[in-house]
Amino acid sequence: MKRAVLLAALISLSVWIGAQADSKGANDWRKTANTEDKVERLVKVMPGASNLMLQLGDRYRNLYWAAKQDQWEFAEYQAEEMKDLVETLQITRPKRAATAQEFLDASYPAIIEAAGSGDRSRFGKAFADLRAACMDCHVKNDHAFIVLPKAPRSAPSPVFDLE
């Protein structure tokens, strides 16, 4: 009986010590792995093009509605965030870097300037050009089936009152 109690106590102590070590990062690869393993793991978790495109799609819709509701500062912010996402794509997905740069060259800084101008007519032209650049990039990357709406019906941001 004493032996069973002692064994249970030792097992409990071992589990507790293991939990304490883990809570201090002993099993955290970010702290314990060598540089090569860390880089390999980080490359595996970098966002793919599809993840970034979902975020870009949300920004595209927000950009449209910001201009439609004369929220020009928010529109400019959305355009800048879109540019940042495309630049992230160039880093995380190098095979798409060239077409991403073509996209940026075709649509920026015109969309940012148009959003900053507060001029609906100027923005409308820049937004149409932005959409065309998106479609061109999709075609060049074998995703022509992904077609953006000319006038998004909704936006994900809670900033807008769409009712």
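As a reminder, the structure under discussion sits directly above these lines.
To start, this report covers the structure provided alongside it. (Residues numbered from 1 in each chain as written. Predicted model: local features only at pLDDT ≥ 70, side-chain atom pairs only at ≥ 80, totals over all residues. Heavy atoms only, no water.)

Put simply, Y108 and P109 share a cis peptide bond, and its omega is 10°. Along the chain, P109 turns up in the loop between helix 6 (97–107) and helix 7 (110–117). Non-glycine residue D70 carries a positive phi angle of around 55°. Within the secondary structure, D70 is located in the loop between helix 4 (49–68) and helix 5 (72–92). Here the phi dihedral of D142 falls at roughly 60°; this positive angle occurs in a residue that is not glycine. On the basis of relative accessible area, D142 is assigned to the exposed category, the value being 66%. (Helix = DSSP H or I, 4+ residues; strand = E, 2+ residues; numbered from the N terminus. Buried < 20%, exposed > 50% of the residue type's maximum accessible area, 1.4 Å probe, protein only.)

Our next topic: the environment of Y77. Mapped onto the fold, Y77 is located in helix 5. Along the primary structure Y77 and A115 are separated by 38 residues, whereas in three dimensions their C-alpha atoms are 8.6 Å apart.

Before going further, it helps to spend a moment on the packing of aromatic side chains. With the rule as written, the count across this model stands at eight aromatic pairs. Taken together, Y60, Y64, W65, W72, F123 and F127 form an aromatic cluster joined through their ring pairs. Against the face of W65 rests K68, its NZ or CZ located 5.5 Å from the ring centre. (Phe/Tyr/Trp six-rings, centres within 6.5 Å; stacked < 30°, edge-to-face > 60°. Lys NZ or Arg CZ within 6 Å of the ring centre and 35° of its normal.)

To continue, consider the layout of surface pockets. Taken as a whole, the largest pocket spans an internal volume of roughly 550 Å³. For the largest pocket, the lining is made up of 23 residues, of which A49, M53, L56, H138 and I146 are closest to its centre. Among the elements of the structure, helix 4, helix 5, helix 6 and helix 8 (120–140) are those that each provide at least two residues to the lining of the largest pocket. Here the lining of the largest pocket is composed, by residue class, of 15 nonpolar, five polar and three charged. (1 Å grid on protein atoms, 1.4 Å probe; cavity = no way out; pocket = protein on both sides within 12 Å on 5 of 7 lines; lining within 4 Å. Points joined across faces, edges and corners; volume = space filled by probe spheres on them. Nonpolar A, V, L, I, M, F, W, Y, C, P; charged D, E, K, R; others polar.)

Honestly, it's all geometry; don't read function into it.
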